[in-house]
Amino acid sequence: MTASKPEATDLVVTILNIDDNEASLYLKSRLLRSEGYKVIEGSTGSDAIRLAHETKPQLAIVDVKLPDISGLEVCRALKNNTYTRSIMVLLVSALATRSEDKVAGLEDGADGYLIEPGDPNELLAMVRALLRLHRQEQLVSSQARLLEMTKDTVLMRDEHDRIVYWNRGAESLYGWSREQALGK
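Just so it is clear, the structure is predicted and the values come from calculations on it, not from any experiment.

Section: the overall build of the protein
Logical step 1: For the protein, the helix and strand inventory stands at seven helices and seven strands.
Logical step 2: In the protein, the succession of α and β elements from N to C terminus is β-α-β-α-β-α-β-α-β-α-β-β-α-α.
Logical step 3: Counting all 184 residues of the protein, 38% fall into the buried class.
Logical step 4: Partitioning the intrachain contacts of the protein with sequence separation of at least 6 by distance along the chain shows that 52% fall at a separation of at least 24.
Logical step 5: Carbon together with sulfur atoms contributes 53% to the accessible area of the protein, which is approximately 11000 Å² in total.

In structure tokens form, the structure reads like this:
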């Protein structure tokens, strides 16, 4: 089963592709563009951070071994910045291929990790999966903002009847801060 290309009416998805290997950069960008994605390219970790701030892509595909700063450092920088933290990061590497390398990348905040050279279909499937996750996270984030903006009292409990969500309306009505209420 193959996924369809983005429709003309869909929002354009921007992908940041960072790789210091020109051939790898070209092949990934060409593949992504053929699927209808807007691709912005760079070849250093500094490029990745600068371009992420300038363009705020939905996804950054970042090579682990870059000439200035590593892809792991790029990932940490993006995930630790409030403006770029929502960008999905897919680390790729032809050199850091051990299990420990993949675990380190995922522990540093990467949303995915692929070994190169890989199957183009695997790359596209991973890109689509991460973009689905990005859309879901954006939706949840907007719903959470709406719940925070309402003056109505909203609280949620889990299956053990513990409070897992407490908004400002609940604080006003009951007099407990969020920190006091959560888990009770």
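Let's talk about the sheet that holds strand β4 (residues 88-93)
Logical step 1: Taking strand neighbours across the sheet as the criterion, the five strands line up as β2-β1-β3-β4-β5 in an open arrangement whose pairing is parallel. Among the strands making up the open sheet, the edge pair consists of β2 (38-42) and β5 (112-115). Strand-to-strand twist of the sheet, defined as the mean angle between neighbouring strand axes without regard to direction, takes the value 20 degrees.
Logical step 2: Together, β3 (59-63) and β4 form the strand contacts of helix α3 (residues 71-79), whose direction differs from that of β4 by roughly 175 degrees.

Overview of a nonpolar patch on the surface
Logical step 1: Judged by side-chain polarity, Leu173, Tyr174 and Trp176 come together as a nonpolar surface patch covering roughly 360 Å² of accessible area.
Logical step 2: Inspection of the secondary structure assignment puts Trp176 in the loop between α6 (168-174) and α7 (178-181).

Let's talk about the pairing of β4
Strand residues, when the strand is regular, have side chains that alternate between the two faces of the sheet.
Logical step 1: Across the six residues of β4, six count as buried, placing the element largely inside the fold.
Logical step 2: Here β3 pairs with β4 via five bridges, running parallel. Residue pairing across strands places Asp63 opposite Val92, the latter belonging to β4.
Logical step 3: Between the parallel elements β3 and β4, the chain passes through α3 in a crossover that is right-handed.
Logical step 4: Here four bridges tie β4 to β5, and the two strands are oriented parallel to one another. By the bridge assignment for β5, Leu90 is matched with Gly112.
Logical step 5: Crossover handedness for the path β4 to helix α4 (residues 99-107) to β5: right-handed.

Cut-offs applied
Residues numbered from 1 in each chain as written. Predicted model: local features only at pLDDT ≥ 70, side-chain atom pairs only at ≥ 80, totals over all residues. Heavy atoms only, no water. Helix = DSSP H or I, 4+ residues; strand = E, 2+ residues; numbered from the N terminus. Buried < 20%, exposed > 50% of the residue type's maximum accessible area, 1.4 Å probe, protein only. Contact = heavy atoms within 4.5 Å. Areas by Shrake-Rupley, 256 points an atom, 1.4 Å probe, with all protein chains shown as cover. Pairing = 2+ DSSP bridges. Axes fitted to C-alpha atoms, helices over the stretch in contact; angles between N-to-C directions. Patch = residues over 30% accessible without salt bridge, like charges linked within 9 Å, V, L, I, M, F, W, Y side chains within 5 Å. Salt bridge = Lys/Arg side-chain N within 4 Å of Asp/Glu carboxyl O. Right-handed = clockwise from strand over helix to strand, strands pointing away.

Take it as geometry only, folks, not as evidence of what the structure does.
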